[in-house]
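Coordinates in review
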Amino acid sequence: MCRLVDKAAKHMNAATKKMRVFETKDNYLDLVTETDREIERLLIEGLKAHFPNYIYIGEEGTSGTSSGRKLTDQPTWIIDPIDGTTNFIHGFPYTCISVGFWLNKKPELAICHNPLLEMKFTARRNCGAYLNESPIRVSGQTKLERALIMNELNSANFEPKLMAIQMGNAQKMLQKAHTLQTTGSAAMDLCLVAMGAADGYYEFYPHSWDTAAGVLLVREAGGVVMDPAGGEFDLMGRRVLAAATPQLGCQMVELLGDMQIYHPRDDEPSK
Ligand code: IPD
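What counts, and at which threshold
Residues numbered from 1 in each chain as written. Predicted model: local features only at pLDDT ≥ 70, side-chain atom pairs only at ≥ 80, totals over all residues. Heavy atoms only, no water. Helix = DSSP H or I, 4+ residues; strand = E, 2+ residues; numbered from the N terminus. 1 Å grid on protein atoms, 1.4 Å probe; cavity = no way out; pocket = protein on both sides within 12 Å on 5 of 7 lines; lining within 4 Å. Points joined across faces, edges and corners; volume = space filled by probe spheres on them. Pairing = 2+ DSSP bridges. Axes fitted to C-alpha atoms, helices over the stretch in contact; angles between N-to-C directions. Contact = heavy atoms within 4.5 Å. Domains from an automatic or database assignment. Buried area = accessible area lost by both parts, 1.4 Å probe. Salt bridge = Lys/Arg side-chain N within 4 Å of Asp/Glu carboxyl O. Polar contact = N/O pair within 3.5 Å; in protein donor to acceptor, adjacent residues only side chain to side chain. Nonpolar A, V, L, I, M, F, W, Y, C, P; charged D, E, K, R; others polar. Buried < 20%, exposed > 50% of the residue type's maximum accessible area, 1.4 Å probe, protein only. Phe/Tyr/Trp six-rings, centres within 6.5 Å; stacked < 30°, edge-to-face > 60°. Lys NZ or Arg CZ within 6 Å of the ring centre and 35° of its normal.

The next point concerns the environment of methionine 195. Position of methionine 195 relative to the elements: it lies in the loop between helix H5 (186-194) and strand E12 (200-204). For the pair methionine 195 and alanine 164, spaced 31 residues apart in the sequence, the C-alpha separation amounts to 31 Å.

If you want it as structure tokens, here you go:
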């Protein structure tokens, strides 16, 4: 998997130097490039040569539809060929290839490779998390009033009611925490929490392929991942909250309170 991702990262790096052409998917802000599709093909075909009977979930649907797929106990590769496609198109360097391997509904392996910033994050369950092969740890921050929090102001939450919740939460976080930042890549946000550069992250929207690798990185670096309303994290639920410590996670959950957003789950067939 690492060898394939390295190859894909070279391809991604070369593509950023070219004029970037994109298409739109669900709406005018949902973007995709030929490089997203090429990288997904490269990874899925490469992995399938070794693991033909595993399940594959990829953002661009190389292996069938991307949503409407159940997470089962079967060995499953979950792939986002370019997380932060909008950043990639603009040359804003917070973007990465994200690959997670899940078994028995648990994350086993993770890799997030950002070739633009030369950051390769890897993790294996019970074996720790690494950045460019050096071990990483979360910050250990326990207090929201001292925390740097990440969030994505997602275009899927632009509908007035959702926008009010999204902005209301952002305002409360800004008033309580040291600061609220956004990278434009859910996977990179999770990597930043894992390496201790950010203390917490929450989002109402990410797909399974955005978080499948990052959640293992955070946990293996000593952090916690949960639902933004405080329950267990559900990979298909399109909601995530990660924190350096359970104490910080609980304060974030408390602050978000009932200002919650629920999008259709990834395992529901798309309409
Ligand atoms: C998106 C990015 C964005 C986050 C969305 C993701 P994509 O992934 O991670 O920051 O807000 O939830 O879907 O579409 O660039 O792969």
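Okay, back to it.
Under the counting rule described, the total for this entry stands at 1 cavity of 30 Å³ or more. Here the largest cavity defines a volume of roughly 50 Å³. Those elements that place two or more of their residues in the lining of the largest cavity are helix H4 (160-176) and E12. It is E12 that provides the largest number of residues to the lining of the largest cavity, a total of 3 residues.

What follows deals with the sheet that holds strand E14 (residues 239-243). One open sheet holds the 5 strands; their spatial order is E11-E10-E12-E14-E13, and the pairing between them is mixed. Among the strands making up the open sheet, the edge pair consists of strand E11 (179-181) and strand E13 (224-226). Within the sheet, the average angular offset between the axes of one strand and its neighbour, ignoring direction, is 20°. With 3 bridges connecting them, strand E10 (residues 148-151) and E12 associate as parallel partners. Looking across to E12, one finds that asparagine 151 is bridged to tyrosine 202. Most of the contacts of H5 go to E12, to which it runs at about 155°, and overall it touches E10, E12 and E14.

Note: interface size is frequently given as the accessible area lost on complex formation between the parts. For the protein, the assigned domains read domain 1 (2-135) and domain 2 (144-256). Look at where the C-alpha atoms of domain 1 and domain 2 centre, and you get two points 20 Å apart. Taken together, the 39 residues of domain 1 in the interface contact 26 residues of domain 2. Summed over both sides, the interface of domain 1 with domain 2 buries roughly 2,400 Å², with 74% coming from carbon and sulfur. Where domain 1 touches domain 2, the interface holds 0 salt bridges. For the pair domain 1 and domain 2, the number of links is 8 residue pairs in polar contact (both at pLDDT 80 or more). Listed by contribution, the elements that provide at least two residues to the side of domain 1 that touches domain 2 are strand E3 (55-58), strand E4 (76-83), strand E5 (96-103), strand E6 (106-114), strand E7 (119-124) and strand E8 (129-131). Take the side of domain 1 that touches domain 2: its biggest share by element is 7 residues, from E6. Across the side of domain 1 that touches domain 2, the residue classes tally to 21 nonpolar, 11 polar and 7 charged.

Right, let's get into unusual backbone geometry. Positive phi outside glycine occurs at lysine 105, with the angle close to 65°. We note that glutamate 118 has phi near 50°; this positive angle belongs to a residue other than glycine. Looking at the secondary structure, you find glutamate 118 in the loop between E6 and E7. The exposed category is assigned to glutamate 118, whose relative accessible area is 62%.

A full pass over the atoms with the stated rule returns 6 aromatic pairs. For the ring pair tyrosine 54 and phenylalanine 101, a centre distance of 5.8 Å and an interplane angle of 25° mean the geometry is stacked. One end of the pair, tyrosine 54, is in the loop between helix H2 (34-50) and E3; the other, phenylalanine 101, is in strand E5, with 47 residues separating them in the sequence. Since its relative accessible area comes to 28%, tyrosine 54 is described here as partly exposed. Of the residues examined, phenylalanine 101 reaches a relative accessible area of 11% and is grouped as buried. Chaining the aromatic ring pairs together yields one cluster made of Phe51, Tyr54, Trp77 and Phe101. Above the plane of the ring of tyrosine 205 lies arginine 238, whose end atom (NZ or CZ) is 4.5 Å from the centre. One residue, arginine 239, lies across the ring of tyrosine 262, its end atom 3.9 Å from the ring centre.

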